[in-house]
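One letter stands for each residue in the lines below.
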Amino acid sequence: MKQKYEKSHLTYKINNLVHKTIRWCTPSIDLTFAQIKDQYASDISVSFESFGYPSEPSGIFKKVYEQAAEAYGADHTLFSVNGSTGSNAMILRALSKQIPRLKILAERNVHKSIVTPCEDYRINLIFLEPNFDQDNQLFIPNTEEQIYEGIKKYKPNVLLLTNPTYDGMCLDLKSVISTVRKNYPELIVYVDEAWGAHLHFSDKLPTSAMEAGADICVQSTHKQGGSLQQSGMIHWHDGRINNDLLLESYRSLATTSPSYALLASLDAARETMQKRGKKKLNHMLTIARRLSRGINHIDGFEVISTKYLKKNFPSVYERDETKVIVNVIKAGLTGYEVAHILEKKYKIVPEIYNIKTITFLIPFRATFGDVQSTISAMAKIAKKSKKMNIDTNTIEANLNFKTPTKIPRILELNKVTKLLGDQLEQVPLNEAVGRIAAEDITPYPPGIPMTIKGEELTKEIVEYYLKLKESPNFHIAARDKSMETVLVVSKIKLV
Ligand SMILES: Cc1ncc(COP(=O)(O)O)c(C=O)c1O
């Protein structure tokens, strides 16, 4: 009997929707970059021996890695087909084998792709207390003093910095690394540069990790560096990283069937960035300025300037201005609502949003026409919201919205990871105050875990989740997606 089938809705949706949409988000693909012709027909496997192998590396891959290392200012480069998520896992696995009882000191705004391998490889992950801009709900880099005090206190083997932050803020990386080298010559500096694959190609953008002298970094080239979604690079300098262990980790964790289309798109991104990156990035910065100017003229919307950030937060030394952050609260709307209206009504997709802001990421393909359409849509949204005389009670409440930054760690990540069965308990969220979290809870966007296993579910954090889950188009990655309940460590009351 013939089986009943449904058409591929995903294929149809992508074909029908995406090309009609203005995209202020990743991937930052440029259609003028070298491209594989006819991707389906060109899909091939590692059986083509004449290509060599990406995981050895050999053949053409050895050559393209060497060219990439030179282009991005590194001694060595590997290509990843599982984004920075895969690259972070490979690096953390290698480091856990290089250094027994590995201790990593990190900023608190780590991506979840750091936390999971630390659990799996029994790495002691310690956090600096985060800095936060409550008015705009943005993570701010830690100050140099906080970093040095943290190193002195915890004596880590690795310092992990998320630079740039999701919002494009960078600390003075050169200064941090030079101080670390002077005082702690053994300490490995590892930079999660997922958001910085383009930095190395413009002097109007922050300093890249490799240029600043970091030992190793990951980049999501697909985010802002011009390659296809899912592709990324690992770059490192000779000295503190064990090459054999890193390559062994790469071989162990990389798929044995990598997409050559993704790998080729990384090589093509490297080529274009070397040839025309500076010009392209200048164009993107011009687009960003025009968009900022237009939106700033709309009553109710305010672009968060680099000047504001630097003035209020001294740790912000440099900023990637290809990200335009807009505070929308004065228009009587939340960032979630504006993002929702933009996509649904105007087919405009911003990169990220929170209660108070939305962020437009300038991709390579952005045009001045996109700028005009977006300013016009934003003006209509502000006008309609004013006309509707929206009840500002909720907005007022949201204005007092605070993200908790005191997040006490009660149990080491390693200890919680080992707990099983009745050592764990699922409890209603509103009864979880004072308990130790036994799961990671990650609000999307931005994908930064707000609670990590072993941390206390304080009153502030529980209230934060209760409030946040009322927001439209809000999504929390947790065991119970409705967040009615949370997983906690059994029978240990802290209050
Ligand atoms: C700081 C940071 N690191 C790593 C990642 C993971 O990157 P990818 O999506 O390339 O796997 C992200 C994703 O947003 C990120 O923001």
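Quick look at the structure, then. Please read these numbers as outputs of a predicted model, since none were measured by experiment.

## Remarks on the site of the ligand
- In the region of the ligand, the neighbouring residues are Gly83, Ser84, Thr85, His111, Ser113, Thr162, Tyr166, Asp192, Ala194, Ser220, Gly232 and Gly447.
- In terms of residue count, the dominant contributor to the shell around the ligand is helix H3 (residues 83-98) (3 residues).
- Residues belonging to the shell around the ligand are distributed by class as follows: 2 nonpolar, 9 polar and 1 charged.

## What to know about the environment of Thr417
- In this fold, Thr417 is placed in helix H15 (residues 413-417).
- For the pair Thr417 and Asn142, spaced 275 residues apart in the sequence, the C-alpha separation amounts to 27 Å.
- Not counting residues within four places of it along the chain, the set of residues in contact with Thr417 comprises Glu119 and Lys453.

## Overview of H3
- Given a rise of 1.5 Å per residue, 16 residues ought to cover 22 Å, and the 23 Å separating the end C-alpha atoms of H3 matches this to within 8%.
- Counting buried positions over the 16 residues of H3 gives 13, a clear majority of the element.

## Section: the sheet that holds strand S4 (residues 124-127)
- Spatially, the 7 strands line up as an open sheet ordered S2-S11-S10-S9-S7-S3-S4, and their pairing is mixed. Two strands in the sheet have a free side with no partner beyond their single neighbour: strand S2 (76-80) and S4. Across the sheet, the axes of successive neighbouring strands diverge by a mean angle of 20°, strand direction being ignored.
- Judged from the 4 bridges that link them, strand S10 (residues 216-219) and strand S11 (residues 232-236) form a sheet pairing that is antiparallel.

## Concerning the sheet that holds strand S17 (residues 357-361)
- Taking strand neighbours across the sheet as the criterion, the 4 strands line up as S12-S14-S17-S16 in an open arrangement whose pairing is antiparallel. Both edges of this open sheet fall to strand S12 (302-303) and strand S16 (352-353), since each of them pairs with a single strand only.
- Across 5 bridges, the pairing between strand S14 (residues 323-327) and S17 is antiparallel. Among the inter-strand pairings, Lys323 is bridged to a residue of S17, identified as Leu361.

## Some details on helix H6 (residues 173-183)
- What H6 keeps buried is the set Leu173, Val176, Ile177 and Val180. One face of H6 carries all of its buried residues, which in axial projection span an arc of 95°. Looking at H6, the residues exposed on the side facing more than 90 degrees away from the buried face are Ser175, Lys182 and Asn183.
- Buried residues belonging to H6 abut helix H5 (144-154), strand S7 (158-162), strand S8 (169-170), strand S9 (188-192) and helix H7 (209-212).

## Overview of the nonpolar core
- Ile91, Ile104, Leu160, Tyr190, Ala214 and Val488 are the most contacted members of the largest nonpolar core, which has 131 residues in total.
- Element by element, the count of residues in this core is highest for helix H10 (residues 260-296), at 12 residues.
- When near neighbours in sequence (up to four residues on either side) are disregarded, Leu160 contacts Ile104, Leu105, Ala106, Val110, Ile114, Tyr190 and Asp192.

What counts and what doesn't
Counting from 1, residues in each chain are numbered in the order their sequence is written. Since the coordinates come from a predicted model, pLDDT governs what is reported: local features require at least 70, and pairs of side-chain atoms require 80 or more to be given and counted, while whole-chain, interface and lining totals use all residues. Working rule for contacts: place C-beta from the backbone, and if it is within 6 Å of a molecule or strand, that residue counts as near it. Each helix is a run of H or I in the DSSP string that is no shorter than four residues. Each strand is a run of E no shorter than two, and both are numbered from the N terminus. For this scheme, ten residues count as nonpolar: Ala, Val, Leu, Ile, Met, Phe, Trp, Tyr, Cys and Pro. Four count as charged, namely Asp, Glu, Lys and Arg, and the remainder, Gly too, count as polar. Whether two residues are in contact is decided by their C-beta atoms, placed from the backbone, lying within 7 Å. Here the expected span of a helix is defined as 1.5 Å times the quantity of residues minus one. With C-beta atoms placed from the backbone, a residue is labelled by how many other C-beta atoms lie within 10 Å of its own: buried for 20 or more, exposed for 12 or fewer, partly exposed between the two. At least two DSSP bridges between two strands are required for those strands to pair. Between the N-to-C directions of two axes lies an angle of 0 to 180 degrees, each axis being a line fitted to C-alpha atoms and, for a helix, fitted only over the stretch in contact. Taken from the helix axis, the directions to the C-beta atoms give the arc we talk about. Core membership is restricted to buried Ala, Val, Leu, Ile, Met, Phe, Trp, Tyr and Cys residues, and these are joined into a nonpolar core through C-beta atoms within 7 Å.

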